[in-house]
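Chain and residue survey
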2 protein chains.
Amino acid sequence: MTSPTACLLIIGNEVLSGRTQDANLKFLATRLGEIGIPLREVRVIPDVRATIVGTVNEVRAKYDHVFTTGGIGPTHDDITSECIAEAFGVPWEPQPEAWRRLESHYARQTPPGDFNAARQRMATMPRGVVLIDNVISLAPGFTMGNVHVMAGVPRIMQAMFEALAPTLKGGPPVVSAAVHANGLMEGRIAEGLADIQARYPDLDIGSYPYYRPGGGGVAVVAKGTDSDAVKQAARDVLVFMRACGGQPIEGEPD
Amino acid sequence: MTSPTACLLIIGNEVLSGRTQDANLKFLATRLGEIGIPLREVRVIPDVRATIVGTVNEVRAKYDHVFTTGGIGPTHDDITSECIAEAFGVPWEPQPEAWRRLESHYARQTPPGDFNAARQRMATMPRGVVLIDNVISLAPGFTMGNVHVMAGVPRIMQAMFEALAPTLKGGPPVVSAAVHANGLMEGRIAEGLADIQARYPDLDIGSYPYYRPGGGGVAVVAKGTDSDAVKQAARDVLVFMRACGGQPIEGEPD
């Protein structure tokens, strides 16, 4: 069974300028792996209309799912939603249910908030969307075709993703097993590791040196959808590391 | 004066799977802004030959500089270097100076280390490279055309970048000024902020809500190469936030 694939678009000048450390990639990569929709590519792009429209159209044709983060707030630099409409060639118009939710939210505030033009933008969406609930700050995300449009603020994005997740149909989940050995050098194990990788062509076996005060080592991670093969490959790595004079330990280094 | 542009390729399954939190994007984005070579796009791609070759060729034609991180170690999943050779259509062959450095390094170890086939891979490079020194772990990175190939481990990457930086010719540095106000909501200031942005078309004015225990607020950042305009725009934002009933403070929130 082939797993569906995913691409993440991180939209925002603040990530490209170094102002903001992205915290969404790791969360989504992990959750998508668990769900069985492995992340195949990530792009970080600026708040520039032609770039967003062109990139969305390129990647939505290439991957089964596209997730976007950022650019759906009320300010002038929040242009993701209107760019999605342009990419799909549909009108960008008030979305009745989102409008109702936001309008009544501001009316309920004491004193009543102003459902002004800027806030109305958050209820304006491409025609034909399905809303993604936002239990944190109300203004919803949306799915348009195979593109899932979410907020950039991590805890809002995470809440939106968990609202969306039950509707996503994944392949077999990706599982992994790690082995690490302090003091063992990557260059010492590289050739034998290539042999182990060759014996498990369906797994992804990665080697990651690490550095710690007082010395480092190397961690090896086997990953794939066949959990028996993953366990056996990790076992083979452990036996091989021992043969290289290392003292391997199961799991990732602390 | 137009600034040269940069693209970053983060190469590695470990970032796409969520195993590893990338720490290179923020560093490079910040340093490239200071040098005056703003980062325009980032892609995270897997250790897959066709993907690396195709992506390198696409982005090196589009941007003045391409920086890559990851995939230049000794193991089977370290394929960046040979992919760069393929992308440029040149042989991948022993690089004499890199070879000399690594060979003598392992010969000097007690007991002498083995300059084995895996380690020799780290001294095998596309024909025509210029080496990038590595004061941390010796094995050099390299520049091929407008593509700068660096390690993925953050402190090695940072050392390589600082070795490379004096050779990079940037435009005017990007400077920024921030203002923030606790308790002020983004939707309240959005329209006035769009007016300020319209008055400074050469600046990038971004609005970023933040959340803290006990309440959040909004931070606004003005960015550009004209430092007087940046200061004046930040001042305008501060005055405007005050008019909205906020108590703005210069700088980013803690």
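Residues numbered from 1 in each chain as written. Chains lettered and ligands numbered in written order. Predicted model: local features only at pLDDT ≥ 70, side-chain atom pairs only at ≥ 80, totals over all residues. Heavy atoms only, no water.

1. Here's the deal with the side chain of Glu14 of chain B
With respect to the helices, strands and loops of the structure, Glu14 of chain B is situated in helix H1 (residues 13-16). We note that Glu14 of chain B is buried and unpaired, the nearest opposite charge coming from Arg19 of chain B at a distance of 6.4 Å. When neighbours within four sequence positions are excluded, Glu14 of chain B is seen to be in contact with Tyr208 of chain A together with Arg19, Thr20 and Asp47 of chain B. (Helix = DSSP H or I, 4+ residues; strand = E, 2+ residues; numbered from the N terminus. Buried < 20%, exposed > 50% of the residue type's maximum accessible area, 1.4 Å probe, protein only. Lys, Arg positive; Asp, Glu negative; His and termini not counted. Salt bridge = Lys/Arg side-chain N within 4 Å of Asp/Glu carboxyl O. Contact = heavy atoms within 4.5 Å.)

2. Focus: the interface of chain B and chain A
Listed by partner, the interface residues are 55 residues for chain B and 55 residues for chain A. Buried area between chain B and chain A, summed over both chains or domains, comes out near 4,600 Å², and the portion from carbon and sulfur atoms is 54%. Between the two partners, chain B and chain A, sit two salt bridges. Note that Glu252 of chain A is salt-bridged to Arg19 of chain B, the shortest N-O span being 2.7 Å. If you look at where chain B meets chain A, you find 18 residue pairs in polar contact (both at pLDDT 80 or more). Mapped onto the side of chain B that touches chain A, the elements with two or more residues apiece are H1, helix H2 (24-35), strand E2 (39-45), helix H6 (117-121), helix H7 (154-164), helix H8 (186-199), strand E10 (204-210) and strand E11 (217-224) of chain B. (Buried area = accessible area lost by both parts, 1.4 Å probe. Polar contact = N/O pair within 3.5 Å; in protein donor to acceptor, adjacent residues only side chain to side chain.)

3. A closer look at the pattern of salt bridges
On inspection of all chains with the given rule, the structure shows 30 salt bridges over all chains. In this structure, the salt-bridge partner of Glu93 of chain B is Arg127 of chain B, at a minimum N-O distance of 2.8 Å. With Glu93 of chain B in strand E4 (residues 92-94) and Arg127 of chain B in the loop between strand E5 (124-126) and strand E6 (130-132), this residue pair connects regions lying 34 residues apart in the sequence. The class for Arg127 of chain B is partly exposed, based on a relative accessible area of 48%. Taking the shortest distance from any N to any O, the salt bridge between Arg101 of chain B and Glu97 of chain B comes out at 2.9 Å. With Arg101 of chain B and Glu97 of chain B both in helix H5 (residues 96-108) and four residues apart, this pair spans about one turn of that helix. Classification of Arg101 of chain B as partly exposed rests on a relative accessible area of 21%. Taken together, the shared-partner salt bridges connect Glu41, Arg43, Glu58 and Lys62 of chain A into one network.

4. With respect to the sheet that holds strand E11 (residues 217-224) of chain A
All names here are of chain A. Ordered by their spatial adjacency, four strands build an open sheet running E10-E11-E9-E12, and the pairing between neighbours is antiparallel. Each of the sheet's edge strands pairs with one partner strand only, and the pair in question is strand E10 (204-210) and strand E12 (249-250). Here E10 runs beside E11; their pairing, made up of seven bridges, is antiparallel. If you follow Tyr208 over to E11, its bridge partner there is Ala219. Lying on the sheet, helix H9 (residues 227-243) is in contact with strand E9 (175-182), E10, E11 and E12; it crosses E9 at an angle near 10 degrees. (Pairing = 2+ DSSP bridges. Axes fitted to C-alpha atoms, helices over the stretch in contact; angles between N-to-C directions.)

5. Quick notes on the sheet that holds E11 of chain B
All names here are of chain B. Across the sheet, which stays open at both edges, the four strands sit in the order E10-E11-E9-E12 with antiparallel pairing between neighbours. Each edge of the sheet is formed by a strand with only one pairing partner; in this case those strands are E10 and strand E12 (249-250). Sheet contacts for H8: E10 and E11; angle to E10, the most-contacted strand, approximately 170 degrees. In the packing of helix H9 (residues 227-243) onto the sheet, the strands contacted are strand E9 (175-182), E10, E11 and E12, and the crossing angle to E9 comes to about 10 degrees.

6. Side note on H2 of chain B
Taking 1.5 Å per residue, 12 residues should reach 16 Å; H2 of chain B reaches 16 Å between its end C-alpha atoms and fits that length. For H2 of chain B, every residue scored as buried is listed here: Asn24, Leu25, Phe27, Leu28, Ala29, Arg31, Leu32, Gly33 and Ile35 of chain B. (Expected span 1.5 Å × (residues − 1).)

7. Observations regarding the UniProt feature "domain: MoaB/Mog" (unreviewed entry) in chain A
In the UniProt entry, the feature "domain: MoaB/Mog" (unreviewed entry) is given for residues 7-171 of chain A. Measuring from the first to the last C-alpha atom of residues 7-171 of chain A gives 16 Å, for a span that is 41% helix and 21% strand. (UniProt positions renumbered as here; feature names shortened; annotations may be inferred.)

8. Observations concerning the packing of aromatic side chains
In the structure shown here, the tally under the stated rule is eight aromatic pairs over all chains. Seen in terms of ring centroids, Phe27 of chain B and Phe161 of chain B are 6.1 Å apart; in terms of plane orientation they differ by 90 degrees. Their pairing is edge-to-face. With Phe27 of chain B in helix H2 and Phe161 of chain B in helix H7, this pair connects stretches of sequence that are 134 residues apart. Using a relative accessible area of 0% as the deciding quantity, one classes Phe161 of chain B as buried. In this structure an aromatic cluster arises from ring pairing among Phe27, Phe67 and Phe161 of chain A. The ring of Phe88 of chain A has Arg60 of chain A lying over it, and the distance from NZ or CZ to the ring centre is 3.8 Å. (Phe/Tyr/Trp six-rings, centres within 6.5 Å; stacked < 30°, edge-to-face > 60°. Lys NZ or Arg CZ within 6 Å of the ring centre and 35° of its normal.)

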